[in-house]
Amino acid sequence: LFYLLTAQSSKRFLRSAEPRDSNLKIVGSIIFPVKVYVKLNQNGPRILCVTNRLRNLELIDPVFQWRGPGGNILSENSSVKISPTGTLMFKRFKSNQSGVYTCSLVYKLTAEQPAKNLIMTYLIYAYSDSNYYYEFTAQYHAAPCNSIYNISFEKALLQVLSKLVAELSCEVTLIKSECHHVKMQRAGLQNEIYFTFSVASLDKEKNNRPCQQSTCDTSERLSKVQYLIEKFFEQQVEIMRKSSEPLPEIYYIEGTLQMVWVDRCYPGYGMNPLRHPDCPDCC
């Protein structure tokens, strides 16, 4: 049983997503609210208090006034900056800063014209990258479905997989384990176990210590985990091919390992590509 459950470590990397450009400039509209996405703890884009039509015109005696969520007039502080030309900028954006913002612009196009007043509405959302995990499925030839050996094997498999990923501050969780009778071509009925398990990164290292920045990259750690698990199942096939002993009662069925990438958001955040087509992968 246990000699099939061994693997060695290796390395593979996955590039992290690049941050959005904080120099991006966003203009307003008097027809519809403009959606703005600001990454948590990052500097926001430059939000202009003009429409696209007025952006390239000369405005005489312009007066800009920003109001934040709740209708309070915005003033500069350590996290908000408003330029003399009415551009709003955020520094290290926090989740409680998201909400409805309005900017009123009073201006003239000529000195003789009466002043005009425009109000532009912005829906500003705090977002974060998804904290994804991997979901694996694998099939094993099994003992009879009511056999205690299947339960013992399941526990042993999960223990080995957990140890395999523990050094990378990841955890393995069994989602489901189902035993089925399968009619094989020219081989009659066989028993097979369908394992489904997930591998997710932990926010902290072993011994509950906070992750160091160089070792906490989720993409990098999960990429290494993917390699280790694929290698682990490949080695089970290699061991059986090289062995002169009869096949054990429970063994991995070659080629059945499958993996899918599953996105998940932290509590309080969700993902909605229909409502937010400009930021479909954002939480």
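Residues numbered from 1 in each chain as written. Predicted model: local features only at pLDDT ≥ 70, side-chain atom pairs only at ≥ 80, totals over all residues. Heavy atoms only, no water.

Going by the annotation in an unreviewed UniProt entry, the name recorded for the protein is Ig-like domain-containing protein, with Struthio camelus australis given as the source organism.

Undergrad: Quick question: what am I supposed to make of the pairing of strand 9 (residues 133–141) here?
TA: Working note: regular strand, side chains alternate between the two faces of the sheet. As defined by bridge partners, strand 9 adjoins strand 13 (residues 258–262) across five bridges and the pair is classed as antiparallel. Bridge assignment links T137 to a residue of strand 13, and that residue is Q258. Bridge count for strand 9 against strand 11 (residues 188–201) is eight bridges, and the pairing is antiparallel. In the strand pairing of strand 11, A138 is matched with F195. Sheet topology note: the strand 9/strand 12 (residues 251–252) ladder contains two bridges and is antiparallel. The partner of H141 across the bridge, within strand 12, is Y251. (Pairing = 2+ DSSP bridges. Helix = DSSP H or I, 4+ residues; strand = E, 2+ residues; numbered from the N terminus.)

Undergrad: Just checking my understanding: could you explain a nonpolar patch on the surface for this structure?
TA: Side chains of I30, I31 and F32 sit close together on the surface and give an oily, nonpolar patch of about 370 Å² of accessible area. Along the chain, I30 turns up in the loop between strand 1 (25–28) and strand 2 (34–39). (Patch = residues over 30% accessible without salt bridge, like charges linked within 9 Å, V, L, I, M, F, W, Y side chains within 5 Å. Areas by Shrake-Rupley, 256 points an atom, 1.4 Å probe, with all protein chains shown as cover. Salt bridge = Lys/Arg side-chain N within 4 Å of Asp/Glu carboxyl O.)

Undergrad: It is not clear to me how the pattern of salt bridges should be interpreted in this structure. Could you clarify?
TA: In a structure, side chains of opposite charge can pair up when their charged atoms sit close to one another. What the rule picks out here adds up to two salt bridges. Across the salt bridge formed by E254 and R241, the nearest N and O atoms sit 2.5 Å from each other. Pair noted here: E254 is in the loop between strand 12 and strand 13 and R241 is in helix 2 (residues 218–242), with a separation of 13 residues, a long-range link.

Undergrad: How do you make sense of the nonpolar core when you look at a structure like this?
TA: Looking at soluble globular proteins, one finds that nonpolar side chains tend to be buried together. Core analysis: the biggest nonpolar cluster contains 28 residues, and Y140, V165, F197, V199, I229 and F233 have the highest contact counts within it. Looking at this core, the elements that each hand over two or more residues are strand 9, helix 1 (148–166), strand 10 (170–184), strand 11 and helix 2. Ranked by the residues each element gives to this core, the list is headed by helix 2, at seven residues. What V165 contacts, discounting residues up to four positions off in sequence, is C170, E171, V172, V199, V225 and I229. Membership of the second largest hydrophobic core comes to 25 residues, among which are V34, F90, C103 and L105. (Core = buried A, V, L, I, M, F, W, Y, C linked by side-chain atoms within 4.5 Å. Buried < 20%, exposed > 50% of the residue type's maximum accessible area, 1.4 Å probe, protein only. Contact = heavy atoms within 4.5 Å.)

Undergrad: Teacher, can you tell me more about the state of the cysteines here?
TA: Each disulfide is one covalent bond, formed between the sulfur atoms of two cysteines. Evaluated as defined, the whole model comprises four disulfides. Residue pairing for C265: its cysteine sulfur links by disulfide to C283, the two sulfurs lying 2.1 Å apart. Around the S-S axis, the bridge from C265 to C283 shows a dihedral of about -80° and counts as left-handed. Of the two residues, C265 sits in the segment after strand 13 while C283 sits in the segment after strand 13, which places them 18 residues apart along the sequence. Residue class for C283 comes out buried when judged on its relative accessible area of 6%. One disulfide in the model links C279 with C282; its S-S distance is 1.6 Å. Measuring the twist about the S-S bond at about -55°, one finds the C279-C282 disulfide to be left-handed. (Disulfide = S-S within 2.5 Å.)

Undergrad: How should the packing of helix 1 against helix 2 be read in this particular structure?
TA: The description of two packed helices rests on the angle between their axes and on the distance between the axes. Packing of helix 1 against helix 2 leaves a shortest axis separation of 10 Å and a crossing angle of 140°. With respect to helix 2, the element helix 1 is oriented oblique. Relative to helix 2, helix 1 is oriented so that their crossing is right-handed. Residues L157, V160, L161, L164 and V165 of helix 1 touch helix 2, and the partners they reach there are V225, L228, I229 and F232. (Axes fitted to C-alpha atoms, helices over the stretch in contact; angles between N-to-C directions. Parallel < 35°, antiparallel > 145°, perpendicular 65-115°, else oblique. Left-handed = near helix turned anticlockwise from the far one by under 90°.)

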